[in-house]
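Structural features, examined
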Amino acid sequence: MYYKENTLSYLNGKWIKASEAKTDLYSQTMHYGCGVFEGIRSYDTADGVRIFKAEEHYQRLIYSAKKTHLNFDYTTEQLVKLTYDLLEKNELKDAYIRPLVYVNARMDLTPSANSNLFLCAWEWENLFNNKVLDIMTSSFRRPDPKSCVVDAKVTGHYTNSILATTEAKINGFDEALLLDANNNVAEGPGANFFYQKDNVLYTCPLGNILPGITRATVFEIAKELGFKMVEKYFTIADVKGADGAFFTGTAAEITGIKSLDRVDFKLDWEDTLGYDLSRMYQRKVAHNEYQEFALV
Ligand code: PMP
């Protein structure tokens, strides 16, 4: 499903069939989770295929590599160009793009001298198939920023995310909501979190979360729409029974949330500010008509 017989991927300067791409089982990334990656989307817009916020994503990839001491010397310009080539070679338009920087064989816990760049892409609809979600407070927490580089997209951090999502699914929920080390609400396993109360939108400040590019876009859109947005720390008790809530992320886009720990949010998703933002977001990313779009 991620690749077909003739799908091409990029590996260290070469275009190779995804089905023939290989890695070393002694790779430090495989054993210790020391690699970095990105999740990016392209959309088939009125002006042709466009990668959404490509530069921001590649700046974050370079930042993540630097913070984890990986030697990685591609520029954002090179990475953006390679990504457009990847889409063209695979005739992809609405696609999800996965750059991965991983390192070579090394078992002694010291930095690896070289890194590898793998780029692949596939068609992927909204992560949650546009479902309005029932979520649960996770028993897992976001990693303490003092024990990891929390604002970098490091492969190893995602064990925590997978544990949280799996726990939620085993318990009959669609997704998890994780707290930070101080018991404040942080984010989802792969998305940032917002809630609405009395016509104000709240989200936590940076510090314990991945600084989402979609999150930043939602700030921009909210400003244009005149929605009040407040960054502050809050608890599960503040969120439960609020008017509405949603997740934001490249894969999730803007996904509405119906309930937290089986307590419904007061408003139907379609009546929330999040829903207006999600419509505007879709216009912005997919149609490039964002500026002219008026909410009715
Ligand atoms: N938090 C986490 C933990 C994530 O994995 C993601 C997805 N990259 C996000 C937030 C949202 O980030 P973005 O909007 O840049 O995709």
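All of the points below concern the structure found in this document. (Residues numbered from 1 in each chain as written. Predicted model: local features only at pLDDT ≥ 70, side-chain atom pairs only at ≥ 80, totals over all residues. Heavy atoms only, no water.)

**Some details on the overall build of the protein**
When you go through the protein residue by residue, the secondary structure sums to seven helices and 16 strands. The C-alpha radius of gyration of the protein comes to 19 Å, within 12% of the 19 Å expected for a compact globule of 296 residues. Along the three orthogonal principal directions, the C-alpha set of the protein runs to about 55 × 45 × 30 Å. Taken over 296 residues, the protein has a buried fraction of 52%. Of the contacts made within the protein by residues no fewer than 6 positions apart, 69% connect residues no fewer than 24 positions apart. For the protein, the exposed area adds up to about 14,400 Å²; of that, 50% sits on carbon and sulfur atoms. Mean positive and mean negative side-chain charge positions of the protein (33 and 40 charges, respectively) differ by 3 Å. (Helix = DSSP H or I, 4+ residues; strand = E, 2+ residues; numbered from the N terminus. Rg over C-alpha atoms; globule rule 2.2 N^0.38 Å. Buried < 20%, exposed > 50% of the residue type's maximum accessible area, 1.4 Å probe, protein only. Contact = heavy atoms within 4.5 Å. Areas by Shrake-Rupley, 256 points an atom, 1.4 Å probe, with all protein chains shown as cover. Lys, Arg positive; Asp, Glu negative; His and termini not counted. Charge placed at Lys NZ, Arg CZ, Asp CG, Glu CD.)

**Observations concerning the packing of aromatic side chains**
Under the definition given, this model contains 17 aromatic pairs. The interplanar angle of 70° and the centroid separation of 4.9 Å between the aromatic rings of Phe37 and Tyr158 together place this pair among those described as edge-to-face. Of the two residues, Phe37 is situated in strand E3 (residues 36-37) and Tyr158 in helix H4 (residues 158-170); the sequence distance between them amounts to 121 residues. The exposure class assigned to Phe37 is buried, which follows from its relative accessible area of 8%. Site record: aromatic cluster; members linked through ring pairs are Phe193, Tyr195, Tyr202, Phe234 and Phe247. (Phe/Tyr/Trp six-rings, centres within 6.5 Å; stacked < 30°, edge-to-face > 60°.)

**A look at the site of the ligand**
Residues in contact with the ligand amount to 16 residues; listed here are only the nearest, Tyr158, Glu187, Ile213, Thr214 and Thr250. The separation between an oxygen atom of the ligand and a polar main-chain atom of Ile213 is 2.7 Å. In this structure, Thr250 approaches the ligand through a side-chain N or O atom, which is 2.6 Å from an oxygen atom. Protein chains shield 97% of the accessible area of the ligand, which is 380 Å² for the free molecule. Sorting the residues of the shell around the ligand by element identifies helix H5 (213-225) and strand E14 (244-249) as the ones contributing at least two each. For the shell around the ligand, the residue count by class is five nonpolar, seven polar and four charged. (Near = heavy atom within 4 Å. Polar contact = N/O pair within 3.5 Å; in protein donor to acceptor, adjacent residues only side chain to side chain. Nonpolar A, V, L, I, M, F, W, Y, C, P; charged D, E, K, R; others polar.)

**Side note on the pattern of salt bridges**
Per the counting criterion, the structure on display carries twelve salt bridges. A salt bridge links Asp85 to Lys81; the shortest N-O distance between them is 2.9 Å. Highlighted residues: Asp85 and Lys81, both in helix H3 (residues 76-89), separated by four residues, approximately one helical turn. Taking the shortest distance from any N to any O, the salt bridge between Arg215 and Glu231 comes out at 2.8 Å. Here Arg215, found in helix H5, pairs with Glu231, found in strand E13 (residues 228-231); they are 16 residues apart in sequence, far enough to count as distant. The class for Glu231 is partly exposed, based on a relative accessible area of 41%. (Salt bridge = Lys/Arg side-chain N within 4 Å of Asp/Glu carboxyl O.)

**As for empty space enclosed by the protein**
Applying the stated criterion across every chain, the model contains one cavity of 30 Å³ or more. Volume-wise, the largest cavity comes out at about 40 Å³. What lines the largest cavity is Arg41, Tyr43, Phe52, His57, Ile213, Thr250 and Tyr281. Here the residues of the lining of the largest cavity are counted per class, giving four nonpolar, two polar and one charged. Split by domain, the lining of the largest cavity shows at least three residues from each of two domains, domain 1 (8-122) and domain 2 (133-286). (1 Å grid on protein atoms, 1.4 Å probe; cavity = no way out; pocket = protein on both sides within 12 Å on 5 of 7 lines; lining within 4 Å. Points joined across faces, edges and corners; volume = space filled by probe spheres on them. Domains from an automatic or database assignment.)

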